[in-house]
Amino acid sequence: METLPAFRAETIRNDFPALHQKVYNKPLVYLDNAATTQKPSVVIQRLSDYYANENCNIHRGVHYLSQQATAAFEQARAVTARFIGAQKAHEVIFTKGTTESINLMADSLGRLLMKNGGSVLITGMEHHANLIPWQQLCLQHQGKLLVTRLNEKGEIDLDHFAELLKQGPVIAAFAHISNALGTISPVAEMIRLAHDAGVPVLIDGAQSIAHCPVDVTELDCDFFVFSGHKVYAPMGVGVLYGKEEWLLKMPPYQFGGEMVDQVSFEKTSFNDLPFKFEAGTPNVGAVLGLETALNYLNRIGVAAVGAYEHSLIEHALAKLSAIDGLRVVGQAAQRASVISFLIGDSHPYDGGTLLDKMGFAVRTGHHCAQPVMDIFGVPGTIRASIAMYNTFDEVDRLCEAVQRCATMLT
Amino acid sequence: MTIEQTEQQIIEEFSIFEDWLDKYNYLIECGKDVPLIDARYKTNNYLISGCQSRVWLHADFIDGKVYFTADSDAVITKGIIYLLIRVLSGRRPDEIIGASLAFLEVIGLKEHLSPTRSNGLLSMVKQMKLYAQVFKLKMSN
């Protein structure tokens with residue numbers, strides 16, 4: 001059996017220039033990865049190279065630079081498709097990010113399937129980006145947003161999910177991993193239940209893409225969305241994966257250049273996939289950066305990253321839980337990426353402010369998931385979210401700092 | 001004592017702290033001395049919504065001077081409220097309207113009044129000045 005080399009977060013850190021700085025004269029401990037990840041040098045260099053040497057508008061240009069940029073762009077699409085296990089490159093649509101991917105879906109699939117009084121099924125732990133577009137779609141059609149209950153640990157109530165599917169929602173859209181609680185949802189089981197009920201599925205992979213292997217073919221999900229910037233790639237690029245059969249049927253989202261076949265003043269016929277959904281000039285540099293980031297992550301191995309991060313999260317949970325008065329919000333058995341917590345009865349803003357002064361980048365607030373906070377009856381939490389470059393030493397230092405906050409605040 | 005003198009006093013108090021955390025410890029202690037808003041005013045009508053931490057503010061006008069009471073659910077926010085009230089409470093409306101509150105920058109707490117902190121403090125200062133303007137208007141009528 002082949003043994004993988006030991007996972008070395010300390011070595012990986014060296015690839016990320018932003019991690020090596022001081023804030024308030026203290027070494028930065030970056031634990032806000034669920035908001036955005038830092039970028040490795042290869043990605044920064046890729047952006048720089050593109051703008052220095054290759055910058056050009058893509059597709060249809062007859063000249064050399066345009067052809068080169070087009071080839072690179074389409075290669076990035078193929079790499080992205082392979083990374084998520086998609087069968088066909090044209091099933092990958094490039095967007096601005098997860099939010100735009102879901103807005104595209106709500107608009108386009110909404111026009112295809114939504115009828116007056118129709119419904120959409122989500123869960124109680126969605127980020128606002130996977131809640132509001134569907135909520136608004138339902139409002140436009142006097143329909144109903146169906147929300148799957150969570151149990152007291154912050155896990156999906158599968159029975160309730162199955163029950164709600166009986167109401168025949170046009171789609172079931174849910175997070176792979178909760179950005180507020182860290183819960184990993186049983187997506188394979190949920191997809192099976194949805195498909196048994198004849199309901200297509202969208203998975204919000206914003207929080208999973210950097211933390212566990214994703215294979216859309218094996219999962220058999222109909223749609224999968226994520227943002228590049230949460231997987232070590234530049235901001236401004238995201239992905240909508242959709243099964244070809246769906247994308248062919250769905251109407252375009254935005255109209256403009258590139259996405260058309262024939263245009264006259266009377267009518268327009270639209271281009272083939274994936275261009276039908278990519279109106280206007282795309283963020284070519286960011287797409288190439290995404291390709292570089294995914295190749296970089298592939299060399300390290302997403303499965304190895306997941307295993308390392310799992311041990312890091314377990315270590316952090318054990319140490320944080322040992323602090324007097326500390327409350328971990330969300331106790332899911334299967335979890336990854338984030339830990340949400342509160343220090344005694346203190347307000348998360350206080351803890352976050354003190355941790356900031358000690359050099360820790362954590363997030364405080366409702367994490368764009370206000371309904372989740374309501375379920376747990378808290379105004380917000382302090383959220384530490386890890387990435388593959390975080391070390392056990394950093395987690396130990398976080399726990400010491402939280403202990404210090406606890407002394408000051410309780 | 002004038003506003004400037006009170007500000008100077010606070011600057012001197014904070015000058016002894018070299019470590020950030022000592023400063024915040026002191027700030028948290030200060031918060032315990034905020035003249036608390038009467039429970040009947042601790043409602044949404046007096047809430048300054050800051051998204052992250054909440055601030056309630058009330059003002060009375062007695063003998064030509066404005067007196068503030070307040071509260072917050074975050075103790076660091078409360079500490080800064082204490083400082084603001086110490087500087088601005090018991091002053092004539094004109095003094096409050098004209099106050100620059102430059103001391104916050106000197107003691108290194110100005111960031112808490114940044115619009116991006118969404119802790120309600122910036123809105124609180126605006127609200128304090130608004131109270132002063134309203135009372136000034138009432139006085140001249």
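Residues numbered from 1 in each chain as written. Chains lettered and ligands numbered in written order. Predicted model: local features only at pLDDT ≥ 70, side-chain atom pairs only at ≥ 80, totals over all residues. Heavy atoms only, no water.

Student: Got a minute to help me understand helix H3 (residues 75-88) of chain B in this structure?
Tutor: Residue and element names in this part refer to chain B. The end-to-end C-alpha separation of H3 is 20 Å, in line with the 20 Å expected for 14 residues at 1.5 Å each. Taking burial as the measure, the 14 residues of H3 include 12 buried ones, the bulk of the element. For H3, the set of buried residues is Ile 76, Thr 77, Lys 78, Gly 79, Ile 80, Ile 81, Tyr 82, Leu 83, Leu 84, Ile 85, Val 87 and Leu 88. After H3 finishes, the residue Gly 90 shows a positive phi value of roughly 75°. (Helix = DSSP H or I, 4+ residues; strand = E, 2+ residues; numbered from the N terminus. Expected span 1.5 Å × (residues − 1). Buried < 20%, exposed > 50% of the residue type's maximum accessible area, 1.4 Å probe, protein only.)

Student: Just checking my understanding: could you explain the packing of aromatic side chains for this structure?
Tutor: What the rule picks out here adds up to 21 aromatic pairs over all chains. Centre to centre, the rings of Phe 16 of chain A and Tyr 232 of chain A are 5.7 Å apart; their planes meet at 65°, and the pair counts as edge-to-face. In this pair, Phe 16 of chain A is assigned in the loop between helix H1 (9-13) and strand E1 (22-23) and Tyr 232 of chain A in the loop between strand E9 (223-227) and strand E10 (238-242), connecting sequence segments 216 residues apart. This pair shows no difference in class: Phe 16 of chain A is buried, exactly as Tyr 232 of chain A is. Ring geometry for Phe 223 of chain A versus Trp 246 of chain A: centroids 6.1 Å apart, planes at 45°, classification tilted. Here Trp 246 of chain A lies in helix H9 (residues 244-249) and Phe 223 of chain A lies in strand E9, a separation of 23 residues in the sequence. Members of the aromatic cluster, connected to one another through ring pairs, are Phe 16, Tyr 232, Tyr 296 and Tyr 389 of chain A. The side chain of Lys 249 of chain A reaches across the aromatic face of Trp 246 of chain A, ending 4.4 Å from its centre. One Lys or Arg, Lys 23 of chain B, reaches over the ring of Trp 20 of chain B and ends 4.4 Å from the middle of that ring. (Phe/Tyr/Trp six-rings, centres within 6.5 Å; stacked < 30°, edge-to-face > 60°. Lys NZ or Arg CZ within 6 Å of the ring centre and 35° of its normal.)

Student: Whenever I open this one, the domain arrangement of chain A confuses me. Can you help?
Tutor: When the parts come together, some accessible area is lost, and that loss is often what is quoted as the size of the interface. Residue and element names in this part refer to chain A. Segmenting chain A into domains produces domain 1 (9-40 + 302-409) and domain 2 (44-299). For domain 1 versus domain 2, the distance between C-alpha centres works out to 28 Å. Counting from both sides, the interface comprises 42 residues of domain 1 and, opposite them, 36 residues of domain 2. Both faces considered, domain 1 and domain 2 share a buried interface measuring about 3,000 Å² in area, 60% of it formed by carbon and sulfur atoms. The interface formed by domain 1 and domain 2 includes zero salt bridges. (Domains from an automatic or database assignment. Contact = heavy atoms within 4.5 Å. Buried area = accessible area lost by both parts, 1.4 Å probe. Salt bridge = Lys/Arg side-chain N within 4 Å of Asp/Glu carboxyl O.)

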